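# Coordinates in review
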Amino acid sequence: MTRPRILVLGSDGQVGFQIVRTLAPLGDVTGSRLDGAAGLKIDVTDHAGLEGVLMALRPSVIVNAVAYTAVDRAEEEPALATAINATSVGVLGELAARIGAAVVHYSTDYVYSGITDRPWREDDPAEPLNAYGRSKLAGDEALLASGADALILRTSWVYDRRGRNFLLTMRRLLVERDEVRVVADQIGAPTWARLIAQGTALILAQTASDGFRLGARRGVYNLTCGGSTSWHGFARAIRDFTGSRCKVIPVTTAEYPLPAPRPVDSRLDNAKVEAAFGVRLPDWHDALRLCLEDGG
Ligand code: NDP
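The present account deals with the structure reproduced in this document. (Residues numbered from 1 in each chain as written. Predicted model: local features only at pLDDT ≥ 70, side-chain atom pairs only at ≥ 80, totals over all residues. Heavy atoms only, no water.)

Scanning the chain for helices and strands turns up nine helices and 13 strands. Computed over C-alpha atoms, the radius of gyration of the chain comes to 19 Å, within 12% of the 19 Å expected from 2.2 N^0.38 for 296 residues, which places it in the range of a compact globule. The principal-axis extent of the C-alpha atoms belonging to the chain is close to 55 × 40 × 35 Å. By residue count, 51% of the 296 residues in the chain fall in the buried class. Long-range contacts, defined as pairs at least 24 residues apart, comprise 79% of the intrachain contacts of the chain with a sequence gap of at least 6. For the chain, the accessible surface area stands at approximately 13,100 Å², while carbon and sulfur atoms represent 51% of it. Within the chain, the 35 negative side-chain charges are centred at a point lying 5 Å from the centre of the 33 positive side-chain charges. (Helix = DSSP H or I, 4+ residues; strand = E, 2+ residues; numbered from the N terminus. Rg over C-alpha atoms; globule rule 2.2 N^0.38 Å. Buried < 20%, exposed > 50% of the residue type's maximum accessible area, 1.4 Å probe, protein only. Contact = heavy atoms within 4.5 Å. Areas by Shrake-Rupley, 256 points an atom, 1.4 Å probe, with all protein chains shown as cover. Lys, Arg positive; Asp, Glu negative; His and termini not counted. Charge placed at Lys NZ, Arg CZ, Asp CG, Glu CD.)

Printed below as a string of structure tokens:
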């Protein structure tokens, strides 16, 4: 029997790297990266190039882990953020619909405004506060409108043992400094990239016998670790796990101004993905321990 082909766009990113490794039992996985250093070279803003690869490879599943994720820089270059996070995602959806491939795409807590008295549900109104969030929301909408059999997984505060993320930055600062000041009035759920990949694999495995058709289960799902904390709480947990003596001092968002405004409350309600696919990621604190115990 021929194995299904799975194309992973952005295989050098935090999520893409884990996805390539986690989906291997489901099919023949081809990773692609912007620099082409390993495997295929795909720039998603080169729509003709993207079309050429998809028509030649004809994958059953495309996992799009590509994104413009520089949240503050996006305020300066919204057109580039939109080209990568929105326009290309719509084109990808149209191409996927043409070849009958399912698409898994990732979105963000930053599509929400942050003013809420409960965790955000997928059908709550999305009102992004910054250019990155607007570009990601436009991508979600373009993919849903493309007619592709698509799954959009909204996650938050992604970290891993590689890449650019809060965990690695904080681990360095906790060694270099006697004290660090960290924002304590924004809350959300830190989510390990490996668990996002595992959640994705568990979802896709349920559709494998049906040619990866999502059918009535297509759409938007939140997928974050459980519980919530502030960036300050996340930093303290990293300090406690790593045994650092550095002081972690809480500050307000106003005391630590950044170019892009962030939601105050980024908690996402994960009930829908659990009801539809039986997938529930562990509590953020347990996940952080698992990640740090993973070596390196
Ligand atoms: P990363 O920034 O780690 O990875 C994104 C990848 O996309 C990088 O390898 C980057 O390559 C690549 N890329 C950028 N532009 C292009 C392009 N034009 N063509 C091809 N590849 C390109 O992202 P994450 O793994 O952290 O994010 C995965 C998903 O999760 C994204 O959809 C993101 O929006 C979402 N998300 C992320 C959060 C986070 O905290 N990081 C929070 C919530 C959601 P290069 O590095 O060479 O530029």
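With that settled, consider the packing of helix α3 (residues 78–99) against helix α4 (residues 131–145). Orientation of α3 relative to α4, taken along the N-to-C sense of each, is 10°, at an axis distance of 8 Å. Here α4 runs roughly parallel to α3, going by the angle between their axes. Seen from α3, the contacting residues are Pro78, Ala81, Thr82, Asn85, Ala86, Val89, Gly90 and Gly93; seen from α4, they are Ala131, Tyr132, Ser135, Lys136, Ala138, Gly139, Ala142 and Leu143. Residue classes in the contact of α3 with α4 are distributed as nine nonpolar, six polar and one charged. (Axes fitted to C-alpha atoms, helices over the stretch in contact; angles between N-to-C directions. Parallel < 35°, antiparallel > 145°, perpendicular 65-115°, else oblique. Nonpolar A, V, L, I, M, F, W, Y, C, P; charged D, E, K, R; others polar.)

What follows covers empty space enclosed by the protein. Over the atoms, a rolling probe the size of a water molecule traces out where space has been left empty. Per the stated rule, a full pass over the model turns up one cavity of 30 Å³ or more. Considering only enclosed or pocket space, the largest cavity measures out at about 30 Å³ in volume. Leu9, Val44, Leu50, Asn64, Ile84, Ser88, Val89 and Leu92 together form the lining of the largest cavity. A per-element tally of the lining of the largest cavity places α3 first, with four residues. Residue composition of the lining of the largest cavity, grouped by class: six nonpolar, two polar and no charged. (1 Å grid on protein atoms, 1.4 Å probe; cavity = no way out; pocket = protein on both sides within 12 Å on 5 of 7 lines; lining within 4 Å. Points joined across faces, edges and corners; volume = space filled by probe spheres on them.)

Peptide bonds are, in most cases, trans, and in most cases residues other than glycine have a negative phi. Even without glycine at this site, Arg58 takes up a positive phi of about 45°. Structurally, Arg58 can be placed in the loop between α2 (47–57) and β4 (61–64). Unlike most non-glycine residues, Trp157 shows phi in positive territory, near 45°. When you line up the elements, Trp157 lands in the loop between β6 (149–155) and β7 (158–159). Classification of Trp157 by relative accessible area gives buried; the value is 7%.

Turning our eyes to something else, we now look at the nonpolar core. Generally speaking, a soluble globular protein has its nonpolar side chains buried in company with each other. Within the largest apolar cluster, 83 residues are counted, with the highest numbers of intra-cluster contacts made by Val63, Tyr106, Met170 and Leu288. Examining the composition of this core, we find that eight residues originate from one element, α3, more than from any other. Of all hydrophobic cores here, the second largest spans five residues; its members include Val111, Tyr112, Trp120 and Leu137. (Core = buried A, V, L, I, M, F, W, Y, C linked by side-chain atoms within 4.5 Å.)

Our next topic: the sheet that holds strand β3 (residues 40–41). The strand order across the open sheet built from seven strands is β3-β2-β1-β4-β5-β6-β11, with neighbouring strands paired in parallel fashion. Since the sheet does not close on itself, it has two edges, and those belong to β3 and β11 (219–222), each with one partner. Where strand β5 (residues 102–108) and β6 come together, seven bridges link them in parallel fashion. The residue bridging Tyr106 from the neighbouring strand is Leu153, located in β6. The sheet strands contacting α4 are β5, β6 and β11, and the helix crosses β5 at an angle near 155°. (Pairing = 2+ DSSP bridges.)

Moving on, we get to the layout of surface pockets. Approximately 150 Å³ is the volume found for the second largest pocket. Taken together, 13 residues form the lining of the second largest pocket, with Cys225, Gly226, Gly227, Leu268 and Asn270 sitting closest to its centre. Tallied by class, the residues present in the lining of the second largest pocket amount to five nonpolar, five polar and three charged.

Moving on, we come to helix α1 (residues 14–22). Listed in full, the buried residues belonging to α1 are Gln14, Val15, Gly16, Gln18, Ile19 and Thr22. Against β1 (5–9), β4, β5, β7, β10 (191–192) and α6 (193–205) lie the buried residues of α1.

Inspection of the secondary structure puts Thr191 in strand β10. A polar contact of 3.0 Å, which involves the side chain of Thr191, links it to the backbone oxygen of Ala189. (Polar contact = N/O pair within 3.5 Å; in protein donor to acceptor, adjacent residues only side chain to side chain.)

The next subject is the packing of helix α7 (residues 231–242) against helix α9 (residues 284–292). Close contact between α7 and α9 brings their axes to 11 Å; oriented N to C, the two are set at 40°. Between α7 and α9, the crossing angle belongs to the class labelled oblique. In this structure, the crossing between α7 and α9 has a hand that is right-handed. Residues Gly233, Phe234, Ala237, Ile238 and Phe241 of α7 touch α9, and the partners they reach there are Trp284, His285, Leu288, Arg289 and Leu292. For the contact of α7 with α9, the residue count by class is seven nonpolar, two polar and one charged. (Left-handed = near helix turned anticlockwise from the far one by under 90°.)

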